[in-house]
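What follows is the residue order along each chain.
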Amino acid sequence: MLCPALRSTLAAALLGLATTVLAPLPAQAQAANPVRGSTPYATRADAMAFADEVAARRGLDSAWVRQTIGQARFLPNVPRLMLPARTPTQKNWRVYRSRFIDPVRIAAGARFWRDNATTLARAEREFGVPAEIIVGIIGVETIYGRDMGRFRVIDALATLAFDFPDAHPRAEQRRAFFREELESFLDTGSRTHADPLTPLGSYAGAMGMPQFMPSSIAKYAVDYDRDGRIDLVGNPQDVIGSVANYFKAFGWQPGMPSVYPVRLDTARLKMDVLMAPDILPTFSADSFVAAGAQLQGPALSHPGLLALIELRNGEDAPSYVAGTQNFYVITRYNWSSYYAMSVLDLGAEVKAALAQ
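Here the residue numbers are simple positions, counted from 1 along each chain's written sequence. Confidence filtering applies because this is a predicted model: local features only for residues at pLDDT of at least 70, side-chain atom pairs given and counted only at 80 or more, and all residues used for totals across whole chains, interfaces and linings. For the side-chain quantities, the full set of heavy atoms in the structure was used; hydrogens and water were omitted.

1. What to know about the overall build of the protein
- For the protein, the helix and strand inventory stands at 17 helices and seven strands.
- Only the C-alpha atoms count toward the radius of gyration. The rule for a globule is 2.2 Å times the residue count to the power 0.38. In terms of C-alpha radius of gyration, the protein reaches 22 Å, essentially the compact-globule figure of 21 Å for 356 residues.
- If one aligns the C-alpha atoms of the protein with their principal axes, the spans along those axes are about 65 × 45 × 35 Å.
- Out of the 356 residues in the protein, the part that is buried amounts to 53%.
- By definition, residues are in contact when any of their heavy atoms lie within 4.5 Å. The long-range fraction of contacts in the protein, counting pairs at least 24 apart against all pairs at least 6 apart in sequence, stands at 71%.
- Surface accessibility follows the Shrake-Rupley procedure with a 1.4 Å probe radius. Residue values consider only the protein chains on display as shielding. Of the roughly 16,400 Å² that the protein leaves accessible, carbon and sulfur atoms contribute 52%. To qualify as a helix, a DSSP run of H or I must reach at least 4 residues; to qualify as a strand, a run of E must reach at least 2; elements of each kind are numbered from the N terminus. Between buried and exposed lies partly exposed: a residue is buried under 20% and exposed over 50% of the maximum accessible area for its type, with that area taken using a 1.4 Å probe on protein chains only.

2. Describing the side chain of Asp231
- Its location among the elements puts Asp231 in the loop between helix H12 (214-220) and helix H13 (236-249).
- At 2.7 Å, the side chain of Asp231 forms a polar contact with the backbone nitrogen of Gly234. Any pair of N or O atoms that falls within 3.5 Å is considered a polar contact. Within protein, one atom must be able to donate a hydrogen and the other to accept it, and sequence-neighbouring residues count only if both atoms are side-chain atoms.

3. Describing the packing of helix H3 (residues 45-58) against helix H11 (residues 171-192)
- Helix axes are fitted to C-alpha atoms over the stretch in contact, other axes to C-alpha atoms as well, and angles between N-to-C directions run from 0 to 180 degrees. Packing of H3 against H11 brings their axes to within 11 Å, and their N-to-C directions diverge by 60°. It follows that H3 is oblique to H11 by the angle criterion. Both H3 and H11 take part in a crossing whose hand is right-handed. Mapping the contact onto sequence places Phe50, Val54, Arg57 and Arg58 in H3 and Arg179, Leu182, Glu183, Ser184 and Asp187 in H11. For classification, angles of less than 35 degrees are called roughly parallel, those exceeding 145 degrees roughly antiparallel, those between 65 and 115 degrees roughly perpendicular, and all remaining angles oblique. Each helix crossing is assigned a hand: it is left-handed if the near helix lies turned anticlockwise from the far helix by less than a right angle, otherwise right-handed if that turn is clockwise.

4. Concerning the pairing of strand E7 (residues 316-323)
- Pairing between two strands requires that DSSP report at least two bridges joining them. Pairing of strand E3 (residues 259-261) with E7 involves three bridges; the strand directions are antiparallel. Residue Pro261 lies in a different strand from E7, and its bridge partner there is Val321.
- Here strand E6 (residues 307-313) pairs with E7 via six bridges, running antiparallel. From the neighbouring strand, Asn313 faces E7, where its bridge partner is Asp316.
- Here E6 folds back onto E7 in antiparallel fashion, the turn holding two residues, of which Gly314 has a positive phi close to 65°.

5. Details of the pattern of salt bridges
- Here a salt bridge means any side-chain nitrogen of Lys or Arg lying within 4 Å of a carboxyl oxygen belonging to Asp or Glu. In total, this model carries 17 salt bridges according to the counting rule given.
- Two residues, Arg97 and Glu349, come together in a salt bridge whose shortest N-O distance is 3.5 Å. With a gap of 252 residues between them, Arg97 in helix H6 (residues 93-98) and Glu349 in helix H17 (residues 337-355) connect regions that are remote in the sequence.
- Here the residues in one salt-bridge network are Arg57, Arg58, Glu183 and Asp187, joined through shared partners.

6. Here's the deal with the packing of aromatic side chains
- Pairing of aromatic rings covers Phe, Tyr and Trp, the last through its six-membered ring, and needs centres within 6.5 Å; plane angles under 30 degrees mean stacked, over 60 mean edge-to-face, and all others mean tilted. Summed over all chains, the structure comprises 22 aromatic pairs.
- Look at Tyr220 and Phe250: their rings are 5.6 Å apart centre to centre, the planes differ by 55°, and that puts the pair in the tilted class. On the criterion of sequence distance, the pair formed by Tyr220 in helix H12 and Phe250 in the loop between H13 and E3 is long-range, its members being 30 residues apart.
- Relative accessible area serves as the criterion here: at 30%, Phe250 is assigned to the partly exposed category.
- By way of ring pairs, the aromatic residues Phe212, Tyr220, Tyr246, Phe247, Phe250, Trp252, Tyr333 and Tyr339 are connected into one cluster.
- Against the face of Tyr328 rests Arg332, its NZ or CZ located 3.9 Å from the ring centre.
- Over the aromatic face of Trp335 sits the side chain of Arg332, whose NZ or CZ is 4.0 Å from the ring centroid. Two thresholds decide whether a charge sits over a ring: the Lys NZ or Arg CZ must be within 6 Å of the ring centre and within 35 degrees of the ring normal.

7. Regarding helix H7 (residues 103-115)
- Look at H7: 18 Å from first C-alpha to last across 13 residues, which is about the 18 Å you get at 1.5 Å a residue.
- Buried residues of H7: Arg105, Ile106, Ala108, Gly109, Ala110, Phe112 and Trp113, and no others.
- Buried positions along H7 lie against helix H8 (117-127), helix H9 (131-142), H13 and H17.
- Two or three places before Val104, at the opening of H7, Asp102 has a side-chain oxygen 3.1 Å from that residue's backbone nitrogen. Multiplying 1.5 Å by the residue count of a helix minus one yields the expected span of that helix.

8. A closer look at helix H10 (residues 153-162)
- In terms of burial, H10 is a largely internal element, ten of the ten residues being buried.
- Among the residues of H10, those classed as buried are Val153, Ile154, Asp155, Ala156, Leu157, Ala158, Thr159, Leu160, Ala161 and Phe162.

9. Digging into the nonpolar core
- We define a nonpolar core as any set of buried Ala, Val, Leu, Ile, Met, Phe, Trp, Tyr and Cys residues linked to one another through side-chain atoms lying within 4.5 Å. Grouped together as the largest cluster of nonpolar side chains are 90 residues, with contacts concentrated most on Ile69, Ile134, Ile138, Phe162 and Phe247.
- Ignoring sequence-local partners within four residues, the contact set of Ile134 consists of Leu120, Ala123, Val129, Ile240, Val243 and Ala244.

10. Describing the confidence of the model for the protein
- A score between 0 and 100, pLDDT records how confident the predictor is in each residue. With 91% of its residues at a pLDDT of 70 or more, the protein shows a mean pLDDT of 90.
- Between residues 1-31, whose pLDDT stays under 50, and residues either more than four places distant or in other chains, the model counts 81 contacts.

11. Considering the packing of H8 against H13
- Running from amino to carboxyl end, H8 crosses H13 at an angle of 25°, the nearest separation of the two axes being 10 Å. Classified by the angle between their axes, H8 and H13 sit roughly parallel to one another. For H8 against H13, the interelement crossing comes out right-handed. On the side of H8, the interface is formed by Thr119, Leu120, Ala123, Glu126 and Phe127, while H13 contributes Gln237, Ile240, Gly241, Ala244, Asn245 and Lys248.
- Gly is placed with the polar residues, together with every amino acid not listed as nonpolar (Ala, Val, Leu, Ile, Met, Phe, Trp, Tyr, Cys and Pro) or charged (Asp, Glu, Lys and Arg). Its residues placed into classes, the contact of H8 with H13 shows five nonpolar, four polar and two charged.

In structure tokens, the structure reads:
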């Protein structure tokens, strides 16, 4: 187990309020050797210029910001992980789904649900987000805390802020995103007087059971057990409340299904029209049907907008569902219809396992 001093250090480094702390990574996660960076950023003029800008913009101590960024180390393999595959493989929903819907994850999800049933019920009641959605998210992200990442967050964020690969088609936009996340991380560390060199996370800088980025921690993390600390690493109550709060903030509609079954009417099908908005709900139920997407039962009277969600299956025919506003909200967590469907399916499988 970690010593109390290290617990406090890691805790405070990850939170957006000076009065809150985050607990340490579980012992098994900390035991794994963290990925080590190479060259420190202390000699990089662009990194030091950014440090001065952040200090001025946030009212932070310039020497502290420069020292902190200067101790961040370049992670040579991380920029490569951000690049699209040179030879993209065909999207295959069945293969993608199999990565997340398996007996190990389902069993872990059932244990997590049983252990936290009261908190999940409370979150569903207070935020309107079903327990299976929260359970699905945490399971897909980290298998309920088993794999929360072993990269130093400061290294990951600095690498992507200053060395994001130019070959990426959205390099400028992504570089700006990671600079904002690094700034948020530094702001938190300064105001909590915590060691920003301690926290571990993913190679993109996401942390804790729900894999929140620094700005999401500052905006959406909540002290759901009201103990004066926000712990997204070891406290399932805070994790559950924070995930539910995130979904509510992005417009989750209580009681609304996320998807409906759909069949395509080839005689009336206007596929170019239906696919043009991608996953953004755009069509009323009537206009959806008029464009050749057949609905049945309650879907025909759905009061909101719909999107045609295409899930490719390699060489086989694609699968389709009608996505609602709530499906779109799930993709705000990860911009992928395949990801959203995996969250839905894992949550449903765990719920079914509990009923057995």
